[in-house]
Amino acid sequence: FTFEKIENEFGVIQQTKKIFVNSYPDIPPSAWLLETLSRSANIPLTTEKAVSEAIVFPILQESMYNNTDKAQLFSGEILDSDKKRRLYGECDYIISLSPQSREVRSPILSVLEAKKADIESPKNQAQNAAQLLGARVFNEQRGRQVPLLFGACTNGFDWAFLMLQNQTIYVDIDRYSIQNLPKLLGTIDWIIKSSAAAIA
């Protein structure tokens, strides 16, 4: 997918803006997360799988631990929404507002894509945007409406967030870094908590 193909096939346009305009608290990382990331510094991060396992998963796992009553994390699941429209494929990570579920259930809130390097690539961002469209179709097929869906492209160190609202994919102008873990964790926490409250 490209943003042009997404617009032509689904009528969804892409814009850039500041997504997170409301204030929300930073979340201090636990000693476990700091130690895990410190040990990962010794691992050659030469593949997307290595980046995903060594950095992305521990950060998401920490966020899930803080929200066990609201969300569930899935890794490497196939999101089967609409094969004819190519909204089908493996997702690095899916966050669902179905706590304690053992399978991906609606409502899906977020889809995250781990990349080895270039999170600024329009192709990589468009891939994540297409995954968000698939998540929306998945939710709608099950009678669930989620007003805002969030995605992210990350190389582990830097995170670029996307948001699907109505017929627009917004790419956030800000970037979030593990050099400021409290802000990154606070952002993921806000996405989960505000979304859970919105559909409650």
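Okay, so let's go over this structure. In this text, all values refer to a predicted model and were calculated from it rather than measured experimentally.

What counts, and at which threshold
- Residues numbered from 1 in each chain as written.
- Predicted model: local features only at pLDDT ≥ 70, side-chain atom pairs only at ≥ 80, totals over all residues.
- Heavy atoms only, no water.
- Helix = DSSP H or I, 4+ residues; strand = E, 2+ residues; numbered from the N terminus.
- Buried < 20%, exposed > 50% of the residue type's maximum accessible area, 1.4 Å probe, protein only.
- Contact = heavy atoms within 4.5 Å.
- Areas by Shrake-Rupley, 256 points an atom, 1.4 Å probe, with all protein chains shown as cover.
- Lys, Arg positive; Asp, Glu negative; His and termini not counted.
- Charge placed at Lys NZ, Arg CZ, Asp CG, Glu CD.
- Core = buried A, V, L, I, M, F, W, Y, C linked by side-chain atoms within 4.5 Å.
- Polar contact = N/O pair within 3.5 Å; in protein donor to acceptor, adjacent residues only side chain to side chain.
- Axes fitted to C-alpha atoms, helices over the stretch in contact; angles between N-to-C directions.
- Parallel < 35°, antiparallel > 145°, perpendicular 65-115°, else oblique.
- Nonpolar A, V, L, I, M, F, W, Y, C, P; charged D, E, K, R; others polar.

## Some remarks on the overall build of the protein chain
Here comes step 1: Counting its regular elements, the protein chain contains 5 helices and 10 strands.
Here comes step 2: With the C-alpha coordinates aligned to their principal axes, the bounding extent of the protein chain is approximately 45 × 35 × 35 Å.
Here comes step 3: A total of 200 residues make up the protein chain; the buried ones form 52% of that total.
Here comes step 4: Put simply, of all contacts in the protein chain between residues at least 6 apart along the chain, 66% involve residues at least 24 apart.
Here comes step 5: Total accessible area on the protein chain is roughly 9800 Å²; 49% of this is exposed by carbon and sulfur atoms.
Here comes step 6: If you average the places of the 21 positive and of the 23 negative side-chain charges in the protein chain, the two averages end up 4 Å apart.

## Digging into the nonpolar core
Here comes step 1: Of all hydrophobic cores here, the largest spans 36 residues; its most connected members are Ile59, Trp159, Phe161 and Leu184.
Here comes step 2: Elements represented by at least two residues in this core include exactly α2 (31-40), α3 (48-65), β5 (93-96), β6 (108-114), β7 (148-154), β8 (158-165) and α5 (181-199).
Here comes step 3: Beyond its immediate sequence surroundings of up to four residues, Ile59 is in contact with Leu33, Leu37, Gly156, Trp159, Ile178, Leu181, Leu184, Leu185 and Ile188.
Here comes step 4: Among the nonpolar cores identified, the runner-up in size contains 26 residues, and Phe74, Val104, Phe138 and Leu162 belong to it.

## Thoughts on the side chain of Asn128
Here comes step 1: Mapping Asn128 onto the fold places it in helix α4 (residues 122-141).
Here comes step 2: Only 3.0 Å separates the side chain of Asn128 from the backbone oxygen of Val111, close enough to count as a polar contact.
Here comes step 3: Of note is the side chain of Asn128, whose polar atom sits 3.0 Å from the backbone nitrogen of Ala152.

## Concerning the packing of helix α1 (residues 3-10) against α4
Here comes step 1: Packing of α1 against α4 brings their axes to within 8 Å, and their N-to-C directions diverge by 30 degrees. Judged by the inter-axis angle, α1 sits roughly parallel to α4. On α4, the residues that touch Phe3, Ile6 and Phe10 of α1 are Pro122, Gln125, Ala126, Ala129, Ala130 and Leu133.
Here comes step 2: Of the residues that constitute the contact of α1 with α4, the class distribution is 8 nonpolar, 1 polar and no charged.

That's the geometry; what it means functionally is another story.
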